[in-house]
Amino acid sequence: MQSQQVLKQYFGYDKFRPMQAEIIQNVLEKKDCLVLMPTGGGKSITFQIPALMSDGITIVVSPLISLMKDQVESLIANGISAAYYNSSQTMSQLKTTENKILYNKIKLLYVSPEKLVSKSFYYTLKNIKLNLFAIDEAHCISQWGHDFRPEYTKLKFLKKYFSKIPIIALTATADKITARDIIKQLCLNKPKQFIASFDRPNLSLTVVPGQKRIQKIIYFIKQRLGQSGIIYCLSRKSTESVARSLINSGINASYYHAGLPSRKRSEIQEEFIKDNMQITCATIAFGMGIDKSNIRWVIHYNMPQNIENYYQQIGRAGRDGMNSDTLMFYSFSDVIVYRKFIEEGANIEIEKAKLKRIQEYAEAQTCRRKILLSYFGEHLEDNCNNCDVCKNPPAQFDGTVIAQKALSAIYRLKEKVGINMLIDVLRGSQRNDIIRQGYNKIKTYAAGKNISFADWQQLILQLLNQGFIEIAYDRNHVLQLTDASKDVLFNKRKVSLVKTSEQERIKDIRKKKSKKTISRKQQLYNELFNKLISLRKKMADYYKIPAYAIFTDSVLDDMTKYRPTNETELSNISGVSEYKRKKYGKYFCREVLKFLKENLEDSSRLKGSTHVITYALFEEGKSIEEIAKIRGLKITTIYSHIANSYSNGKNIDINRIMPDNEMSRIKLAIKSMGTKEGLKILYDYMNGEISYGKIRFGIEYYKKNKK
Ligand code: ADP
Ligand code: MG
Ligand code: ZN
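Residues numbered from 1 in each chain as written. Chains lettered and ligands numbered in written order. Predicted model: local features only at pLDDT ≥ 70, side-chain atom pairs only at ≥ 80, totals over all residues. Heavy atoms only, no water.

Engineer: Pulling in residues and values, what's your account of the overall build of the protein?
Structural biologist: When you go through the protein residue by residue, the secondary structure sums to 35 helices and 17 strands. Burial statistics for the protein: of 707 residues in total, 54% are counted as buried. A separation of at least 24 residues holds for 70% of the contacts in the protein among residues at least 6 apart in sequence. Total accessible area on the protein is roughly 33,900 Å²; 50% of this is exposed by carbon and sulfur atoms. A distance of 1 Å separates the average location of the 113 positive side-chain charges in the protein from that of its 71 negative side-chain charges. (Helix = DSSP H or I, 4+ residues; strand = E, 2+ residues; numbered from the N terminus. Buried < 20%, exposed > 50% of the residue type's maximum accessible area, 1.4 Å probe, protein only. Contact = heavy atoms within 4.5 Å. Areas by Shrake-Rupley, 256 points an atom, 1.4 Å probe, with all protein chains shown as cover. Lys, Arg positive; Asp, Glu negative; His and termini not counted. Charge placed at Lys NZ, Arg CZ, Asp CG, Glu CD.)

In C-alpha cells, the structure reads:
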C-alpha cells in the first residue's frame with residue numbers, strides 16, 4: 001500500500017500536509033532524520049505511517065505518561081495496534097505488553113526513556129524485529145531546549161547498540177543550537193533535517209493591555225460558550241483566583257498548578273481532556289502532556305517570558321486545523337517580574353534579550369504574525385489579516401504635545417518616579433504622597449487629566465518603545481529622559497503616536513456583535529453542530545475515550561456542512577478513517593438524517609439534502625402523493641428524488657412506486673426506443689398513460705436491473 005492510501009484508510013485524511021510525504025519517504029528508506037515542525041503541525045503521522053507500512057515494531061520515546069496515553073488512545077481509536085510501557089503500569093500490565101511485543105502483535109510501542117534504557121528491556125529489544133525509533137519531543141535531550149530531561153541523554157545508547165535501526169527525532173523547538181545538540185547527542189547518522197513552516201494561520205493573535213483582565217476574559221468566554229480553552233497564569237495563586245472569579249460569574253472552570261497533589265492534577269487533566277471541564281486556569285506546567293485537538297482558545301493572563309514558550313502554549317489551540325483564538329494580556333509589571341527572575345538566574349544576557357523580543361511582539365504596531373515568524377527565521381510576505389493589528393490597524397496622530405507633557409513632568413520630577421506616579425501627577429491626583437512631596441506644585445501637574453489612566457499607560461509605553469523614555473531597572477524602575485527626549489523638550493522634535501483608546505475598541509466590538517443577528521442558515525448550522533457534539537460526547541463517555549478521539553471538531557464541522565446520510569458520503573469527509581466510519585458512522589448519519597427530517601420547512605436552505613428528506617419520508621411509509629403534499633413539491637419532483645436515491649444505492653420497494661404491469665410497459669418502451677432521446681419519446685410511446693415521474697424512476701430501475 002502507498003503511504004497516501006495508508007493516510008486515508010487509517011487516519012481518514014486525503015492529503016499530506018507540507019513535508020509529511022518527504023519525511024515518510026526518508027524514513028521508509030531507513031535513513032535518520034530530524035523533524036522541526038510547530039506544535040499541531042502533524043509530526044506524529046510521519047512515524048506512524050512508516051510504522052504501519054513496515055514489518056516489526058516502531059518504538060516511540062515520549063517524555064510524559066499522559067502524552068503516551070493520549071497518543072495510544074488515538075491510535076487505538078483508529079484501529080491501530082499500539083501500547084505504552086512506563087512506570088505507571090503494574091508488573092502484570094507490563095508483562096502483557098511484553099508478550100504482545102514478542103509475538104509481534106503491536107505496531108507502535110510508546111516507551112518512557114527510563115524504561116527504554118533499562119537492562120531488562122534491552123533484552124526484549126534484542127529479541128524482537130525493530131523497525132524504527134522515533135524520539136518525540138526530542139528537544140528534551142538538550143540543555144539548550146526549554147524542557148531538559150536528564151533521562152533523555154541516555155538515549156545515546158540507541159545508536160551504539162542498534163546501529164542498523166533508523167532514528168527519527170521530532171521537536172517543535174526551532175532554534176539552531178538545540179537542533180545541532182539533538183543530532184549530536186543522539187549520534188544521528190547524516191540526518192536530513194526537515195524544517196517545516198512555523199506558521200499556524202488558523203490561530204488568531206491578539207494582545208491587549210492588562211487592565212480589567214477578568215472583565216475582558218469573561219466577555220471573551222461568553223462569546224465562546226461551550227468551547228474548550230486554557231488560561232495560562234504566571235503564579236499558582238492567580239490560577240486559583242482567576243478560576244474563582246470565573247465561577248462567580250457563572251462560568252465553570254478548574255485550576256491546575258504544580259502545588260496540587262499529583263492525583264488531583266491528573267484528575268483535572270482527565271476532566272479537561274474528556275470535555276467534562278471546558279476551561280482550566282493553569283501555570284505553564286499544564287498542557288505539555290496533552291494532545292487534545294479541540295482546544296479552541298488560549299489566553300495568557302500574563303505575558304510569557306519568551307516567544308518560544310508563548311508559541312508553544314498558543315500552539316496547543318486548534319491542532320485540528322479549525323480556527324482558534326489566542327489572547328495575551330500585556331502589562332509592564334510582568335516585564336518587571338521577569339527581569340527580577342532573570343537577574344537571579346543563569347544566562348542573564350540571553351534571557352534578557354529574549355524577554356525584549358516578546359515585549360516587542362506585545363507592543364507591535366505592525367502585523368504580529370510577521371514578527372513571530374521572523375523570530376523563527378521565516379519571512380511572511382503579506383500581512384496575515386488574522387491578528388489584532390491587521391484587523392484593526394492603529395491610527396497615527398501627532399503626539400508631540402502629549403509627549404512634551406509627559407517628558408516635562410519626568411524632568412520636573414527630577415527623574416525620581418515610576419510610571420504610576422508619573423501618571424497620577426499628570427492626571428492631577430490628590431494622593432497624599434503627591435501633596436506631601438509637593439508634586440502638585442510642578443508646572444505639568446494635572447496637565448493630562450483628560451486622558452484616562454489606562455490610556456496614559458499605553459502612551460508612555462509607546463514613548464518607551466520609541467526611545468523617548470528609559471526605565472532605570474537598577475533604581476526602582478524610575479523613568480529617565482534620553483537624548484531623544486531632550487530633542488522633544490528643547491528642539492521642537494515631533495513625536496508620532498498611535499491612538500490607544502482600548503475602552504473605545506471594546507465598545508466597538510460589542511456594538512458590532514450585538515447588532516448582527518445570526519441568519520437562519522447559521523442557526524441551522526449551530527443546531528446540527530451542537531447535536532453532533534453531544535452525540536460525540538455520549539459516545540466518548542460510553543467508550544471511555546476523549547471526545548476528539550471519536551471525531552475531531554473539524555470532522556463535525558464538515559458533517560454539519562455536507563450532511564452525510566450514509567457511509568459512502570461520510571467517507572468523503574477528511575478525518576474519517578475506515579475504522580471510525582465502521583464503528584461510529586451510522587450513529588452520526590442517523591443524527592444528520594433525524595435533523596433533516598425535523599427541519600423539512602428549511603430544506604431549501606439545507607442545500608443538497610432535498611432528496612435525502614424525500615427518501616426519509618418515503619422510508620417512514622409515506623406515499624409519493626403524501627410526500628409531495630408535505631413538502632409542497634410537484635409529484636414528478638418527488639419521483640425523481642426517489643429515482644436519485646435509488647441510483648445512489650438506497651433500497652426501494654418497486655411495488656410502492658407502481659404496479660408490475662406499468663413497469664413492464666416502461667421496460668418495453670425503453671427496449672424499443674432507448675433512453676438517449678429523453679423522456680418525451682417514452683411518454684408518447686406509451687400514449688401518455690404513464691406519468692413522467694414514473695418513467696423517470698423506471699429508467700433508473702431498468703438500468704440497475706438490466707443484468
Ligand atoms: P504535533 O505532534 O506536530 O504537535 P500532531 O501529530 O499531534 O501534531 O497532529 C496535529 C493534528 O493534525 C492531529 O489532529 C492530526 O490528526 C492532524 N493531522 C496530521 N496530519 C494531517 C493531514 N495530513 N491532514 C489533516 N490533518 C492532519
Ligand atoms: Mg506531537
Ligand atoms: Zn497580522
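More follows now that the structure is in view.
Engineer: An account of the coordination of the zinc ion (ligand 3) is requested, with residue identities and associated values reported.
Structural biologist: Around the zinc ion (ligand 3), the protein supplies C367 (SG), C384 (SG), C387 (SG) and C390 (SG) as donor atoms, at distances of 2.3 to 2.4 Å. In this structure, the zinc ion (ligand 3) is surrounded by four donor atoms whose angles at the metal cover 102 to 121 degrees, and the resulting shape is tetrahedral. Going along the chain, you hit the donors of the zinc ion (ligand 3) in the pattern C-x16-C-x2-C-x2-C. One exposure class covers both C387 and C390, and it is buried. (Donors = N, O, S within 2.8 Å, 3.2 Å for Na, K, Ca; no water. Tetrahedral: all angles 85-135°; square planar, octahedral: opposite > 155°, others 65-115°.)

Engineer: How would you sum up helix α15 (residues 332-344)? Please name residues and give values.
Structural biologist: Taking 1.5 Å of rise per residue, 13 residues should cover 18 Å, and α15 covers 19 Å from first to last C-alpha, within 8% of that figure. All of the buried residues along α15 are F332, D334, V335, I336, Y338, R339 and I342. (Expected span 1.5 Å × (residues − 1).)

Engineer: Quick one: what's the story with the sheet that holds strand β6 (residues 167-171), residue by residue and with numbers?
Structural biologist: What the seven strands build is an open sheet, ordered β3-β4-β2-β5-β6-β1-β7; its pairing is parallel. Pairing within the sheet leaves two strands with one partner each, and these edge strands are β3 (82-85) and β7 (192-195). Here the average twist between neighbouring strands, direction ignored, is 20 degrees. Pairing between strand β1 (residues 33-36) and β6: four bridges, direction parallel. (Pairing = 2+ DSSP bridges. Axes fitted to C-alpha atoms, helices over the stretch in contact; angles between N-to-C directions.)

Engineer: If you had to explain the domain arrangement of the protein to someone new, which residues and values would you point to?
Structural biologist: Here the domain parsing of the protein yields domain 1 (3-195), domain 2 (203-391), domain 3 (396-504) and domain 4 (512-607). Once you take the C-alpha centre of each, domain 1 and domain 2 turn out to be 28 Å apart. Of the residues lining the interface, 16 residues belong to domain 1; the matching set on domain 2 comes to 15 residues. Connecting domain 1 to domain 2 are one salt bridge. Across the salt bridge formed by E270 and K69, the nearest N and O atoms sit 3.5 Å from each other. (Domains from an automatic or database assignment. Salt bridge = Lys/Arg side-chain N within 4 Å of Asp/Glu carboxyl O.)

Engineer: Break down the sheet that holds strand β9 (residues 228-232) for me, with residues and values.
Structural biologist: Pairing within the open sheet is parallel, and its six strands lie in the order β8-β13-β12-β9-β11-β10. The sheet is open, and its two edges are formed by β8 (203-209) and β10 (254-256), each paired on a single side. Taken over all neighbouring pairs, the strand axes of this sheet differ in orientation by 20 degrees on average, direction set aside. Relative to strand β12 (residues 295-300), β9 runs parallel, the two being bridged by five bridges. Each bridged residue has a counterpart across the sheet, and for Y232 the counterpart in β12 is H300. Lying on the sheet, helix α12 (residues 236-248) is in contact with β9, β10 and β11 (279-282); it crosses β11 at an angle near 150 degrees.

Engineer: Please give an account of the site of ligand 1 that cites residues and values.
Structural biologist: Residues in close proximity to ligand 1 total 15 residues, the closest being Y13, K15, G40, K43 and S44. K15 places a polar main-chain atom, nitrogen or oxygen, 2.8 Å from a nitrogen atom of ligand 1. The separation between an oxygen atom of ligand 1 and a polar main-chain atom of G40 is 2.5 Å. Partitioned by chemical class, the residues of the shell around ligand 1 number four nonpolar, six polar and five charged. (Near = heavy atom within 4 Å. Polar contact = N/O pair within 3.5 Å; in protein donor to acceptor, adjacent residues only side chain to side chain. Nonpolar A, V, L, I, M, F, W, Y, C, P; charged D, E, K, R; others polar.)

Engineer: Tell me about unusual backbone geometry, and name the residues and values.
Structural biologist: Residues other than glycine predominantly adopt negative phi, and peptide bonds predominantly adopt the trans conformation. Residues other than glycine seldom take positive phi values, yet D275 does so here, at roughly 65 degrees. Mapping D275 onto the fold places it in the loop between α13 (262-273) and β11. At N347, a residue that is not glycine, the phi angle is positive and equals roughly 55 degrees. Looking at the secondary structure, you find N347 in the loop between α15 and α16 (348-362).

Engineer: So what about the packing of aromatic side chains? Which residues, and what values?
Structural biologist: Inspection of the entire model under this criterion finds 26 aromatic pairs. Relative to Y161, the ring of Y122 has its centre 5.5 Å away and its plane inclined at 75 degrees; by these criteria the two rings are edge-to-face. You can see Y122 sitting in helix α7 (residues 119-126) and its partner Y161 sitting in helix α9 (residues 157-161), a full 39 residues away along the chain. Assessed through its relative accessible area of 40%, Y161 is described here as partly exposed. What links up through ring pairs into an aromatic cluster is the set Y122, Y123, F133, F157, Y161 and F162. Note that R224 overlies the ring of F220, its terminal NZ or CZ placed 3.7 Å from the centroid. Note that K704 overlies the ring of Y646, its terminal NZ or CZ placed 4.5 Å from the centroid. (Phe/Tyr/Trp six-rings, centres within 6.5 Å; stacked < 30°, edge-to-face > 60°. Lys NZ or Arg CZ within 6 Å of the ring centre and 35° of its normal.)

Engineer: Requested: an account of the pairing of β8, with residues and values cited.
Structural biologist: A large share of β8 lies buried, amounting to seven of its seven residues. Residue alternation in β8 divides its side chains into two sets, L203, L205, V207 and P209 and S204, T206 and V208, and both sets are buried. Relative to strand β13 (residues 324-330), β8 runs parallel, the two being bridged by seven bridges. What sits directly across from S204, in β13, is D325.

Engineer: Any details on the environment of E137? Residues and values, ideally.
Structural biologist: Within the secondary structure layout, E137 lies in the loop between β5 (130-135) and α8 (150-153). In this structure E137 comes out as buried when scored by relative accessible area, which is 14%. Considered as a pair, E137 and D147 are 10 residues apart in the sequence and their alpha carbons are 9.1 Å apart. With near-sequence residues (within four places) excluded, E137 lies in contact with P63, L67, Y152, L170 and M288.

Engineer: So what's going on with the packing of helix α29 (residues 578-598) against helix α30 (residues 610-619)? Residues and values would help.
Structural biologist: With their axes 9 Å apart at the nearest point, α29 and α30 run at an angle of 90 degrees to one another. It follows that α29 is roughly perpendicular to α30 by the angle criterion. Contact residues: L593, L596 and K597 in α29; V612, I613 and A616 in α30. Here the residues of the contact of α29 with α30 are counted per class, giving five nonpolar, no polar and one charged. (Parallel < 35°, antiparallel > 145°, perpendicular 65-115°, else oblique.)

Engineer: Requested: an account of the pattern of salt bridges, with residues and values cited.
Structural biologist: All told, the structure shown has 35 salt bridges when counted by the stated rule. With a closest N to O distance of 2.6 Å, R368 and D388 form a salt bridge. One end of the pair, R368, is in helix α17 (residues 368-375); the other, D388, is in helix α18 (residues 388-391), and 20 residues separate them in sequence. Its relative accessible area of 3% is what places R368 among the buried residues.

Engineer: Any chance you could break down the packing of helix α31 (residues 624-631) against helix α32 (residues 635-647) for me, citing the residues and the numbers?
Structural biologist: It is the contact of α31 with α32, at a shortest axis distance of 9 Å, that shows an interaxial angle of 110 degrees. When the axes of α31 and α32 are compared, the pair comes out roughly perpendicular. Two packed elements cross with a definite hand, and for α31 against α32 that hand is right-handed. Mapping the contact onto sequence places I624, E625, I627, A628 and R631 in α31 and I635, I638, Y639, H641 and I642 in α32. Residues that form the contact of α31 with α32 fall into these classes: seven nonpolar, one polar and two charged. (Left-handed = near helix turned anticlockwise from the far one by under 90°.)

Engineer: Give a description of a nonpolar patch on the surface that names residues and reports values.
Structural biologist: A cluster of nonpolar residues, L668, M673, I681 and Y685, forms a patch on the protein surface that exposes about 340 Å² of accessible area. Of all the secondary-structure elements, those providing two or more residues to the nonpolar patch are α33 (660-673) and α34 (679-685). As for its placement among the helices and strands, M673 is situated in helix α33. (Patch = residues over 30% accessible without salt bridge, like charges linked within 9 Å, V, L, I, M, F, W, Y side chains within 5 Å.)

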